[in-house]
Each structure stands twice: as structure tokens, then as C-alpha cells.
Amino acid sequence: DEGVAVRCVTRWRPEEIVAGVSDLEVWPIVRGRANTSLWLCHELHAKYYRVDNTCLVGSANLTNAALGWSRLSNLELLVELPIDHVELQSFEAELLHSSIPVDEALYKQTLEITELLQKQSEIIPSLLFEHKDVEYEVKFNSPALSGKIWLPSLRQPADLFLAYQQRWAELTTGARIAAASDLSFFDLPPGLSKQVFISYMGLLLLQKPLVREIDSFLVTSQRFGAIRDLLNARLGQFEEDFDASRAWQTLMRWLLYFLPTRYERIPSRHSEVLRRISS
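Residue indices begin from 1 for each chain and proceed along its sequence in written order. Residues qualify for local features only when their pLDDT is at least 70, as the model is predicted, and side-chain atom pairs are given and counted only at 80 or more; totals for whole chains, interfaces and linings, by contrast, use all residues. Only hydrogens and water are set aside; all other atoms, that is, all heavy atoms of the structure, feed into the side-chain values.

Describing the pairing of strand β9 (residues 273-276)
Bridge analysis of strand β7 (residues 222-223) against β9 gives two bridges, and the strand direction is antiparallel. When the bridges of β9 are listed, Gln222 appears paired with Leu274. Strands are labelled as partners when DSSP assigns at least two bridges between them. Secondary structure elements are taken from DSSP: a helix is a run of H or I of four residues or more, a strand is a run of E of two residues or more, and numbering for both begins at the N terminus. As paired strands, strand β8 (residues 263-266) and β9 are joined by four bridges and run antiparallel to one another. If you follow Arg265 over to β9, its bridge partner there is Leu274. The antiparallel hairpin formed by β8 and β9 contains six residues in its connecting segment.

Rendered as C-alpha cells:
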């Protein structure tokens with residue numbers, strides 16, 4: 001019924017879109033329907049359907065083949081469970097907390113990166129099919145930034161591409177440790193060109209809930225201290241010696257480097273000022 005509210009949570013990984021595993025066409029459908037929203041969670045892999053107080057949990061994606069609506073259907077499993085299952089409530093709460101809403105700007109940015117990746121994959125056909133997990137040796141792990149909460153530790157974001165290419169000899173010891181720690185928080189396909197890598201990282205940054213909160217805050221110009229205080233309020237409780245000033249200075253460098261057309265630094269005598277220049 002048109003009056004039923006629908007919330008769809010999925011993930012958009014450009015290499016999966018190019019390979020046909022997921023698609024962008026869902027956005028125009030969602031955008032054109034009342035009481036409907038689309039959300040992204042980069043780590044999502046579960047198949048979870050809830051209508052009112054009834055849940056279906058199993059292996060089936062939202063496709064004709066998975067749901068048995070095509071002649072050549074998959075053999076899938078969906079189990080009906082009540083919503084009062086504590087595990088389901090916990091899963092849904094974490095999912096929604098870790099998700100960010102899709103808007104037209106995010107859709108267009110994902111489309112742009114997907115098209116760039118498509119062009120590169122035509123040159124390197126194996127790019128999408130040899131996705132091997134790279135184990136980055138992580139020697140630094142701050143309690144405040146563990147789990148789902150992440151902020152960059154690498155001070156010079158340009159060094160991240162060197163680490164991605166495993167050109168460790170070109171980095172200092174400190175940069176190697178910080179870059180390995182940061183890369184361990186992202187699931188990047190191998191073989192990306194520098195241009196695609198930078199664009200891809202910008203998209204991944206915008207899918208981090210904390211970065212998204214800061215992004216919304218930067219609709220109006222914000223002084224350095226305002227964002228520092230926001231970070232301290234969100235993360236200071238986890239670590240006594242959390243340095244919010246250093247954390248924001250590092251993240252600001254990442255935003256300006258990986259999303260150069262989205263943010264700008266405004267000259268100021270008394271404080272660094274940042275604002276979002278595109279949406």
C-alpha cells in the first residue's frame with residue numbers, strides 16, 4: 001500500500017555495482033515513493049526483512065532469483081522470527097546506528113566513482129574478480145577508535161595511497177603504522193589507480209556516521225574549536241587522554257584531500273575555519 005512506510009538499508013560498493021552484485025537503480029525508485037528512505041551501511045551483509053512485528057532472516061537477497069519469482073530460482077532459506085528476539089533487536093539497533101541516509105549528492109558521487117571504476121576495469125578486467133584480503137600489520141590500536149568508531153591516525157593523507165600499494169619503504173615507521181591501522185578499517189579492492197583511489201576513499205569517508213555528522217555540521221562555517229568540542233563529546237569518554245584537537249586536525253586534512261570539491265578552508269586570523277561548499 002502506498003501509505004506503508006518503507007526503509008531500505010543496503011550497501012553500495014562501486015566494484016560490486018560494476019560486477020552487477022548490487023545496483024544504483026533502487027535510488028530513483030525510493031526517491032519517487034512517499035514515506036520511503038534509503039540508507040547505506042558499508043559493512044552490511046545480512047539478509048533481514050521486517051514487517052511490523054514479523055521478521056524473515058536467511059540467505060535471500062532482494063532479487064527475483066532469490067525470492068523464487070523467476071523460472072531459474074536459487075535455493076534459499078528464510079526463517080520467520082518474532083521481533084522480540086533480543087538478538088534481532090540488537091542487530092537492528094546496531095544496523096540503524098551504523099547507517100547513513102542516501103541523498104542525491106551521495107548517489108551522484110557513487111555513480112561517478114562507479115563509472116571511473118568501470119573504465120579502469122575495462123583495462124584491468126581481473127580487478128573485480130581477484131579481491132584478496134590484504135593483511136595490514138596493525139601495531140597501533142587506540143581504545144577510543146576501536147570497533148565501529150573510527151578516525152584517521154595518518155597525518156598526511158597522501159601517504160595512504162603509498163601504503164595501499166604496499167610501498168612501505170617510502171614511508172616513515174610512524175606513517176607505516178598509522179597507514180596500516182587506517183587501511184584496516186576499509187575494504188578496498190586491489191589495483192585502483194590513484195584517481196579512483198582518492199574518489200573511492202572520499203565516498204567511504206562519507207559513509208562513516210561520525211564523518212557524516214560532521215559533514216552536516218559544516219553546512220555552515222565552523223571554527224576549529226567547534227568541531228574539536230564535537231569530537232571530544234563523542235569520543236572523549238572512551239579515552240582519558242584523547243586529543244580532540246589533533247584528531248580534528250588530522251580528519252580535516254583527510255576531508256580536504258579526499259573530498260576537495262566538497263569542503264574549503266576559510267582564511268582566518270584566529271582559528272581554522274572549514275565549511276561545506278557542495279551538497
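Section: the pattern of salt bridges
We count a salt bridge whenever a side-chain nitrogen from Lys or Arg sits within 4 Å of a carboxyl oxygen from Asp or Glu. Inspection of the entire model under this criterion finds twelve salt bridges. Taking the shortest distance from any N to any O, the salt bridge between Asp187 and Arg13 comes out at 2.5 Å. Taken as a pair, Asp187 in the loop between α7 (173-183) and α8 (194-206) and Arg13 in the loop between β1 (6-10) and α1 (14-19) lie far apart in primary sequence, 174 residues in all. Note on Arg13: relative accessible area 7%, which makes it buried. One continuous salt-bridge network, built from bridges that share partners, spans Asp215, Arg262 and Arg276. When a residue's accessible area, from a 1.4 Å probe over protein chains only, is under 20% of the maximum for its type it is buried; when over 50% it is exposed; and in between it is partly exposed.

Some remarks on the nonpolar core
What is meant by a nonpolar core is a set of buried Ala, Val, Leu, Ile, Met, Phe, Trp, Tyr and Cys residues, joined one to another through side-chain atoms within 4.5 Å. Counting 62 residues, the largest nonpolar core has Leu188, Phe197 and Trp248 as the members making the most contacts within it. Ignoring anything within four residues of it in the chain, the contact list for Phe197 reads Leu160, Phe161, Tyr164, Leu188, Leu192 and Phe258. When checking whether two residues touch, look at their non-hydrogen atoms; a contact exists if any pair is within 4.5 Å.

Details of the sheet that holds β7
Strand order in the open sheet formed by three strands is β7-β9-β8, with antiparallel pairing between adjacent strands. A single partner strand is all that each edge strand has here, and the edge strands are β7 and β8.

Quick look at the environment of Met252
Relative to the elements of secondary structure, Met252 occurs in helix α11 (residues 244-258). Expressed as a C-alpha distance, the spacing of Met252 and Glu264, which sit twelve residues apart in the sequence, is 9.9 Å. If we skip the residues at most four places from it in the chain, Met252 touches Phe224, Arg265, Glu272 and Leu274.

A few points about the packing of aromatic side chains
The criterion for an aromatic pair is that two Phe, Tyr or Trp rings (for Trp, the six-membered ring) have centres within 6.5 Å, with stacked assigned to planes under 30 degrees apart, edge-to-face to planes over 60 apart and tilted to the rest. Throughout the structure, instances matching the rule amount to eleven aromatic pairs. Taking 6.4 Å as the distance between ring centres and 70° as the angle between the ring planes, the aromatic pair formed by Phe197 and Phe258 counts as edge-to-face. With Phe197 in helix α8 and Phe258 in helix α11, this pair connects stretches of sequence that are 61 residues apart. In this pair, the class of Phe197 matches that of Phe258, namely buried. Linked through ring pairs, Trp150, Phe161, Tyr164, Phe185, Phe186, Phe197, Trp254, Tyr257 and Phe258 together constitute an aromatic cluster. Charge-over-ring contacts are defined here by two conditions on Lys NZ or Arg CZ: a distance within 6 Å of the ring centre and an angle within 35 degrees of the ring normal. One cation-aromatic arrangement involves Lys208 over Phe186; the distance from NZ or CZ to the ring centre is 5.0 Å.

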